[in-house]
Structures are given as structure tokens and as C-alpha cells.
Amino acid sequence: MSKSCPELLREAANLIEEALSRSPTAPAAQSQQIPAAQSRTPVQAEVARLFAPYNIGARRNMTRRPAQVQVSRRSYTHTVCCLADHNADKIPSVLVIAELPHSGLGEQKVTFSGNDHDPMVITNKLMEVFPKLQQGGGFELLKLLGSTRSRNLALLQCPSTGYTLAYLKDPSTMIGQATIYIRPLQQDLPLDCESSRPASGPVIPCITCQMEVPFSEMKLHRLSCNGTPMEEREQEGGQREENDSETALVSDSVPVRSETSAESAVVPAVMVNEELDRKETDSEWKIIEEPTQAAKVFKENLLREHATGKPLRMKMDVRESEEDRERELLLFYKQQQEWACPLHCTLVGDLAIGEGVMRYFMTTIISKLQFGFSLDLGGMGRTLLFEGEPDHLVPAASEALIESNLFRVAGRMLAHTFLHDGPHVTGLSPAVIHVLLNGDPEMATVVIEDCPDLHIRSIIELLEHEELTPEQKATVSDLSMSWDLPAVTKSNRRWLHNKLLLHAVVGRTMRQIKQLRKGLKDVMVWPLLTSRPDVVPLLFPKMAEMQFTPQMLLEEITWPVEDSDDEDFDLDTTCRITGFLRMFIETASSGTLAQLLTSWVGWEMLPPELTVVISEGTLPTSSTCFETLKLPAHFKIYMDFEKALVAAIKSTGFGLV
């Protein structure tokens, strides 16, 4: 009867054991010769054959494992970004980063290979990837400072031996996966477009003109190809030579590609240059020294860019109540729209048309932000979005206003009126403006006048005393512990004073400030404010800067002249009425002058010219579109003139616009 496979294997194992027990003990060196074919029994040879694959795999693993341990990797791959400015200490804007690759700079993933301790490995590789870096007189390496939201760059201190792979891999440098920024050491790198790169790819015939063009230049060729066959182009060559002088003028200012695509290279170069000129015009506001002019150019570019967009239509019914008109304004600014598109304002129930209507809307908007809405949105009667002392206003700490997202609406209103050269909210706290523009809250300059809550202010002021009574300590400790701060002690009194004041002004308004920031970004004026800090005072002026004086108005007035085309009045009448107006302006307060200016031109913004005309009528009227004040000629004494003018500027009617 045949035996099973397990039985045969067991029998073979027993025979092997018997054979080994009968053989004498051999040295270790001889035991290595046992597997030889001449000393094996048939059974041993069969077993060795059956288990040979397993023995070979084990020997292969035994020989390979030490070799793998001994191999050391010397490559290092990392993302780097080469900058052009040798004084750069911040990450450039998105627009600048996008332009760098056109000049052979910008961001790339680079693989360094070589000795970890050889500084030339990094230097040679960077010079190979960024050839223009050789013109910088050396380079420095930088990394992002702080959190990912920060744009500040910190210098990686160069070791005495130079930058090496071992230094970059060292955990103490704290680089990790962050981008390494390269900054030229001695001078800026040129940002001219690299137009001398050789053409690459196979030659492909154009389907329109049948001209053979390198693959890499086909897109550029198609921009200028007008379908003219190649034979006709050769005939036009003579005519093109006659215009060499004009072409030379163009080539002096335009980087022309190398002669790889024949005559068609000149036209695309001009087109590319026109695009560059347009971009330079759009960024001109960045280099204008005067902040007022820079803001003007930025706003003009933004409005021109969206001139063909869907118009914004703002309506208000003057016959409705003040609360209903305010609801219409809030509803308009709560909508998600392209706020730089053309603006059309309409007053329902009034015959007014023209620019004066828009000025009325802008003045109304800023008045509501400055002095509050009549709507009861927070359960406090009149709704104030900003509260506090003049030049120390802070956003109101109202949960109802925050949940209604009204501060984002306020940000849109502020930026929209600024975009259309309207009036501004005055008197915001410098600390709030600092944090609004992404400033560090801990670095904000906060003063006690910035705290709008008089009760909290009085408690914080207790910490200015050297000694506190037990009752005062208890009062201060109750406030500090409610804000997760420690109780007051003699050693932490000054520290606690600063912390409480900072939280009262900035900590309690962070959500409101974030909403304001979103509103400014919605209207797309944020790039101007962050790139040009000197423009910020134009959007958020101080209260003192908006005070009107008689001299300010008198210098801008154009008085009636004898040869004007207006209604004919004798010289005595003209002098008498204009004298009354001059006397009124010279004796009026700043607030009255602001009301007069609003009635005159539609808002509290002094125009380049104010016009006065003498006319028939009962009361003074104005044409705000033409910035003209019309004064009746029938007044004989100043008291009657003053009473009529005050009644006119304080009337609720909009008048002639």
C-alpha cells in the first residue's frame, strides 16, 4: 500500500537524523562542506532539492539587507521661490508672484543632489535654475515668519561655510515643507520678459497660412496670423523693409523674440507689450507718490474695468417714513453684487435727477453710519453701529448687530462711498483701524478714551492707583475673571490694566472688525488699503480733519460778475446779496457750514468750485448737480436773509438738483 506524502517526509527526516548521529562531529569549517554533492546520501540530496528555493531566498535576503542599510540618499527636493527685490522682507502680492515666472524667477520645485556638506551644491543648482540670480551678487535664503497667515519673511542665517543641504535638513532651522524664498544680496534682478528662449518642439504648418512654425511658438503665431498665404507674405517683404525705421523704434522699447518664426515675431511682441502697458497702467497707483492721486487712479481703473458690468440700481421713495428708507438702503447693501459696476440712483417721488441724487444717497449713507439708524435693531431705540468719543469710535458690542451681519453691510457702505468720491465716517479709533488692516492686536495702541462703556472704563481706571481698597479689588477681580483673566494683585496691576483695556476695545469688537474687513473686500478696495497705507487716512479721517472753516468755503466760491448770462440785476443788489452770504459764512459754526455745503452740493465734500447766482424767488435754492446756490434778490436786511437761508438748508425737502 502506497504511503502518503506526510509519511514519506517523516521517514526521510528520520533517516537524516540517523545518518547524522552515526557520523563523527566535524568542525564548523567542515560543516560548510556537507551540502557538497559527493558527501550527500540520496535522501539528503532529495531533501536539498525540495527545499532549495527557500534556502536561496534566505541567502538572497541575508546578502541584500546589509547593502540597503549602507546606501545613503544625498538628494533633497524642496519648493523655492526666487524674488527680484533685494530688500524684500514680505511675501509679494499674488500679482507680483504671477509675473515673476515670465522673467525666469518665481516658484519652482528644485532637486539638489550631492554632498550634504558642500555649499556649492546649493549655489550651482540655484544658478542653473535661476540664471538671473548670478546678477544679484550673491543670495540669501528666507522662510515664512510665524503662522501661515503672516506675510513676513525671516532670514535664514548663513553658516560660516555657506548654505548646505545638511543645514537645510537640520530640524533646528524649522523649515519643514515651507517654501524657501531666495533674495538677491546686493541688487535687484531685472524683470524683463525672457524673449530669447530657443524654440522647442517639431515644426508644424499653420492651417491658415501654411507657414511652418515651431511647436512652442504656434500659439504666438496664431495671434498674428491673418490667413495670408506664405507666397503673398514674401511679396510683402519689400514693403515691410521700407518700414524698418518704424520697426526699429518699436523694437527699442519692445522685447522682440529671436528670429525663429520669421517676420511674424514682431507683431506678437507688440501685442504682448500692449498687454504689459495695460498692466503697468493698472498698477500705476502703486508708484504714485501723492496718496490722494494714487487713490484717484486706483478708483478710476476699478470703475473702468467694471464699466460694462450689470448696473447697480439704488432706489429710495422720499414719501415713505425714515425707517422705511433705511430698510431700503440696508436691503440694497445686503445683496451680493459687483460693487464697482455703474451706479444709478433714483429718488421716487421727487423730480431730482443727475449727480446730485447720487450725492444725496452717499450723504445719507454716511450720516446713518456716523449718527445711527432710526430703526430699532438692537432693542436700544436708535441703532448705533459705532459708539464712543470723537476720534475714538469703536464698533458697537451688540450681538443683534453681529448676527444680522450689519457690520459687513457697513464695510460695503464705507468702501462704496469712498469709491464714488463720497463723504467718510470720521473719528474711528486708531486701534480699530490698526486691527482692521490686519495689524497685530497685541501691537495696537489703545488708550482709555477708546473704551466706550463708561462703567468698564471706570473699573479699568481703578488700576491706575497705586493702592486699591478691598472693595475696589473685588470689583476689578470680578471684571477680569469674567473675561478669563486673573484676579488683581500688587504685582500684576499694570499688566492687568493693559489686558483689560485691550479686551474692552479690541477683544470685544474682533467679530465686528472681521465683518467690516469683509465688506471692504467685497467692494474691491482692499488692495489699495493694504498696498498703500498712506491712503488709509483718506478713508478713515479724524474728526478734526473734517471741520469746515469760513475760509475754506470762501476760497472756493465763484461770485457773480457783471457780464454773466444770468438774470439782470443792478450792481447794488448783487453786492448786497453776496455780502449777506459772506457775512453768514464768516459767522457760522462748523456744523452750520457743513449743512450749508450739503444743501449746496449734495454732500459734505468741498468741491473745486462753488457757484453763486442771483435770481428771482422767495427762498434760496440749489442745483447740486452744477454746485450752484441761487439767492433771491428781494432781501433788504441781513436778518431776513439769514432766517430764509437757515430755513432752506435745514428743510427736509431735497430741492432742485
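Cut-offs applied
Residues numbered from 1 in each chain as written. Predicted model: local features only at pLDDT ≥ 70, side-chain atom pairs only at ≥ 80, totals over all residues. Heavy atoms only, no water. Helix = DSSP H or I, 4+ residues; strand = E, 2+ residues; numbered from the N terminus. Buried < 20%, exposed > 50% of the residue type's maximum accessible area, 1.4 Å probe, protein only. Contact = heavy atoms within 4.5 Å. Areas by Shrake-Rupley, 256 points an atom, 1.4 Å probe, with all protein chains shown as cover. pLDDT = per-residue confidence, 0-100. Expected span 1.5 Å × (residues − 1). Salt bridge = Lys/Arg side-chain N within 4 Å of Asp/Glu carboxyl O. Pairing = 2+ DSSP bridges. Axes fitted to C-alpha atoms, helices over the stretch in contact; angles between N-to-C directions. Polar contact = N/O pair within 3.5 Å; in protein donor to acceptor, adjacent residues only side chain to side chain. Right-handed = clockwise from strand over helix to strand, strands pointing away. 1 Å grid on protein atoms, 1.4 Å probe; cavity = no way out; pocket = protein on both sides within 12 Å on 5 of 7 lines; lining within 4 Å. Points joined across faces, edges and corners; volume = space filled by probe spheres on them. Nonpolar A, V, L, I, M, F, W, Y, C, P; charged D, E, K, R; others polar. Phe/Tyr/Trp six-rings, centres within 6.5 Å; stacked < 30°, edge-to-face > 60°. Lys NZ or Arg CZ within 6 Å of the ring centre and 35° of its normal. Lys, Arg positive; Asp, Glu negative; His and termini not counted. Patch = residues over 30% accessible without salt bridge, like charges linked within 9 Å, V, L, I, M, F, W, Y side chains within 5 Å.

### Points about the overall build of the protein
Looking only at helices and strands, the protein has 28 helices and 15 strands in total. Residues classed as buried in the protein amount to 39% of the 657 residues present. In the protein, once contacts between residues fewer than 6 apart in sequence are set aside, the share between residues at least 24 apart is 66%. Carbon together with sulfur atoms contributes 54% to the accessible area of the protein, which is approximately 37,800 Å² in total.

### Topic: the confidence of the model for the protein
Mean pLDDT over the protein works out to 78, with 77% of the residues at or above the 70 mark. Contacts for the low-pLDDT stretch residues 65–72, under 50 throughout, to residues beyond four places or in other chains number 0 contacts. Every residue in residues 227–280 is under pLDDT 50, and counting partners more than four places away or in other chains gives 49 contacts.

### What about the environment of Leu-168?
Inspection of the secondary structure assignment puts Leu-168 in helix α7 (residues 165–169). For Leu-168, a relative accessible area of 6% gives the class buried. Residues Leu-168 and Asp-116, 52 residues apart in the sequence, show an inter-C-alpha distance of 9.4 Å. Filtering out sequence-adjacent residues up to four positions away, Leu-168 remains in contact with Tyr-76, Ile-122, Leu-141, Thr-173, Ile-175 and Ile-180.

### Examining helix α21 (residues 493–505)
Across its 13 residues, α21 extends 18 Å between first and last C-alpha, which sits within 8% of the 18 Å expected from 1.5 Å per residue. Those residues of α21 not exposed but buried are Arg-493, Leu-496, His-497, Leu-500, Leu-501, Leu-502, Ala-504 and Val-505. Looking at the packing, one finds that the buried side of α21 touches β11 (394–395), α19 (454–462) and α20 (470–482).

### What about the pattern of salt bridges?
Following the criterion strictly, the structure yields 16 salt bridges and no others. The shortest N-O distance in the salt bridge between Lys-499 and Glu-442 comes to 3.5 Å. Taken together, the positions of Lys-499 in helix α21 and Glu-442 in the loop between α18 (430–436) and α19 put the pair 57 residues apart, joining distant regions of the chain. Between Glu-467 and Lys-490 there is a salt bridge whose closest N-O contact spans 4.0 Å. With a gap of 23 residues between them, Glu-467 in the loop between α19 and α20 and Lys-490 in the loop between α20 and α21 connect regions that are remote in the sequence. The pair Glu-467 / Lys-490 is uniform in exposure class, with both members exposed. A cluster of three or more residues bridged by salt bridges with shared partners is formed by Glu-322, Glu-326 and Lys-368.

### Quick word on the sheet that holds strand β12 (residues 557–558)
Pairing within the open sheet is mixed, and its 4 strands lie in the order β12-β13-β15-β14. The two strands at the open ends of the sheet, each matched to only one other strand, are β12 and β14 (621–623). Where helix α27 (residues 590–601) meets the sheet, its contacts fall on β12, β13 (610–615), β14 and β15 (628–632), and the angle it forms with β13 comes to roughly 75 degrees.

### Let's talk about helix α6 (residues 119–129)
When we look at burial in α6, the residues that qualify are Val-121, Ile-122, Leu-126 and Met-127. Where the residues of α6 are buried, they touch β2 (106–113), β3 (139–144), α7 and β5 (180–184). If you check the start of α6, you find a side-chain oxygen 3.1 Å away from the backbone N of Met-120, and it comes from Asp-118.

### Digging into the sheet that holds β3
Spatial ordering of the open sheet is given by β2-β1-β5-β3-β4, a layout of 5 strands whose pairing is mixed. Single-partner strands in this sheet number two, and they are β2 and β4 (153–155). Taken pair by pair, the neighbouring strands of this sheet meet at an average axis angle of 40 degrees, ignoring direction. Relative to β5, strand β1 (residues 75–82) runs parallel, the two being bridged by 3 bridges. Within the sheet, the bridge partner assigned to Cys-82 lies in β5 and is Ile-182.

### Comments concerning the pairing of strand β9 (residues 343–348)
Burial along β9 is one-sided: Leu-343, Cys-345 and Leu-347 are buried, and none of His-344, Thr-346 and Val-348, which face the opposite way, are. As paired strands, strand β8 (residues 312–317) and β9 are joined by 6 bridges and run parallel to one another. Along β9, the bridge assignment pairs Met-314 with Cys-345. For the handedness criterion, the β-α-β arrangement of β8, helix α14 (residues 322–334) and β9 is classed as right-handed.

### Thoughts on empty space enclosed by the protein
This structure, assessed with the given rule, holds 2 cavities of 30 Å³ or more. Put simply, the largest cavity is a space of about 40 Å³. Residue lining of the largest cavity: Val-80, Phe-112, Ile-122, Leu-126, Leu-141, Leu-168, Ile-180 and Ile-182, and that is the complete set. Listing elements by their share of the lining of the largest cavity, those giving two or more residues are α6 and β5. Looking at side-chain class alone, the lining of the largest cavity contains 8 nonpolar, no polar and no charged residues.

### Let's talk about the packing of aromatic side chains
Under the counting rule described, the total for this entry stands at 11 aromatic pairs. Measuring from ring centre to ring centre gives 5.2 Å for Tyr-333 and Trp-339, while their planes differ by 10 degrees; the resulting arrangement is stacked. For Tyr-333, a relative accessible area of 0% puts it in the buried group. Taken together, the ring pairs in this structure connect Phe-580, Phe-635, Tyr-638 and Phe-641 into an aromatic cluster. Across from the ring centre of Phe-418, 4.3 Å away, lies the NZ or CZ of Lys-299, which sits over that ring.

### So, the side chain of Asp-450
Note that Asp-450 resides in the loop between α18 and α19. Despite its burial, Asp-450 remains without a salt bridge, the nearest opposite charge being carried by Arg-457 at 7.8 Å. Setting aside residues up to four positions removed in sequence, Asp-450 forms contacts with His-392, Val-394, Ser-429, Ala-431, Thr-445 and Val-505.

### Looking at a nonpolar patch on the surface
Residues Leu-9, Leu-50 and Phe-51 make up a contiguous nonpolar surface patch of roughly 270 Å² in combined accessible area. For Leu-50, the location among the structural elements is in helix α3 (residues 42–50).

### Quick look at unusual backbone geometry
Unusually for a residue other than glycine, Asn-438 sits at a positive phi of about 70 degrees. By the element assignment, Asn-438 lies in the loop between α18 and α19. Of note, Asp-484 is a non-glycine position whose phi angle comes to about 60 degrees, a positive value. Structurally, the position occupied by Asp-484 is in the loop between α20 and α21. Judged by its relative accessible area of 74%, Asp-484 is exposed.

### Some remarks on the environment of Glu-586
Counting through the fold element by element, Glu-586 comes out in helix α26 (residues 571–587). Taking C-alpha positions, Glu-586 is 8.4 Å from Thr-549, a pair spaced 37 residues apart along the chain.

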